[in-house]
Amino acid sequence: MPAESELNTQGRPIILIGLMGCGKTTVGKELSKLTGMPLLDMDSVIEEQIGKPIADIFRDEGEAHFRALETALLRYLESDEGSAVCCNSIISTGGGVVLRPENREILRRLGFTVWLSVDVDILISRTMRNNNRPLLRRPDREEVLNQLLTQRSPMYAETAHLKLDSSELDIPSVVREVYKAACAFFSA
Ligand code: S3P
């Protein structure tokens, strides 16, 4: 593994995007440990800000409201005030953050954006483990995930500087690949 000092992000974040269950949070945590860069999990920030879990925000205020909260957070992170919060951090996003064109533009401007792409079978087995994702609280999970993959893949592709096919990789390997790619991106 390269030494921590080799990565100089010039104060910009490394951003992880991809579908629910692709490993953004797990990879984000490991990358944070490796680099010493703090992890900013957008879903957690929104939950703290609003004072309730994402599932309750969906239930009480609706998905459109949640999407507006995501955009508001990204606008803040791009502002002078917010850049102090997200500078030199790892940002783990919610899977639907790419739905709004404005979000896609901000994410691409903000830092080095990596799409963790994973086969749908893996997404299904990983998302079976908990029931906290409102979009997947239904019996036809597999179909929903397939539809989301079809709908969102072009959006992830448009947003990401790197698509990392990580179905065959274990977490340490994904972390290593993201790290190496970030070194190359920021030193170019
Ligand atoms: C969502 C993904 C979730 C969370 C919300 C909506 C989505 O985040 O933001 O439930 O639309 O794909 P994770 O991708 O971290 O599960």
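Residues numbered from 1 in each chain as written. Predicted model: local features only at pLDDT ≥ 70, side-chain atom pairs only at ≥ 80, totals over all residues. Heavy atoms only, no water.

Novice: Got a minute to help me understand the layout of surface pockets in this structure?
Specialist: In this approach a probe as big as a water molecule rolls over the atoms, and the regions it shows empty are the leftover space. Taken as a whole, the largest pocket encloses approximately 760 Å³ of empty space. Along the wall of the largest pocket there are 33 residues; nearest its centre are Gly21, Thr25, Asp43, Asn132 and Arg133. When residues of the lining of the largest pocket are traced back to their parent elements, those giving at least two are helix H1 (24–35), helix H2 (42–50), helix H3 (54–61), helix H4 (63–78) and helix H7 (120–127). Looking at the lining of the largest pocket, its residues break down into ten nonpolar, 13 polar and ten charged. (1 Å grid on protein atoms, 1.4 Å probe; cavity = no way out; pocket = protein on both sides within 12 Å on 5 of 7 lines; lining within 4 Å. Points joined across faces, edges and corners; volume = space filled by probe spheres on them. Helix = DSSP H or I, 4+ residues; strand = E, 2+ residues; numbered from the N terminus. Nonpolar A, V, L, I, M, F, W, Y, C, P; charged D, E, K, R; others polar.)

Novice: I'm lost on the packing of aromatic side chains in this one. Help?
Specialist: The way to describe two aromatic rings as a pair is by their centre distance and the angle between their planes. Tallying each qualifying case throughout the model produces five aromatic pairs. Aromatic ring contacts, followed pair by pair, group Phe112, Phe185 and Phe186 into a single cluster. (Phe/Tyr/Trp six-rings, centres within 6.5 Å; stacked < 30°, edge-to-face > 60°.)

Novice: Hey, could you run me through the site of the ligand in this one?
Specialist: Taken together, 14 residues lie near the ligand, and Lys24, Asp43, Arg67, Arg133 and Arg152 sit nearest. Note that an oxygen atom of the ligand is positioned 2.8 Å from one of the backbone N or O atoms of Gly95. With the chains in place, 95% of the 380 Å² that the ligand exposes on its own is no longer accessible. When each cavity is represented as a set of grid points, the ligand is found to reside in the largest pocket. Of all the secondary structure elements, the ones that give two or more residues to the shell around the ligand are H3 and H4. The class makeup of the residues in the shell around the ligand is six nonpolar, three polar and five charged. (Near = heavy atom within 4 Å. Polar contact = N/O pair within 3.5 Å; in protein donor to acceptor, adjacent residues only side chain to side chain. Areas by Shrake-Rupley, 256 points an atom, 1.4 Å probe, with all protein chains shown as cover. Sits in = over half its atoms within 2 Å of the grid points.)

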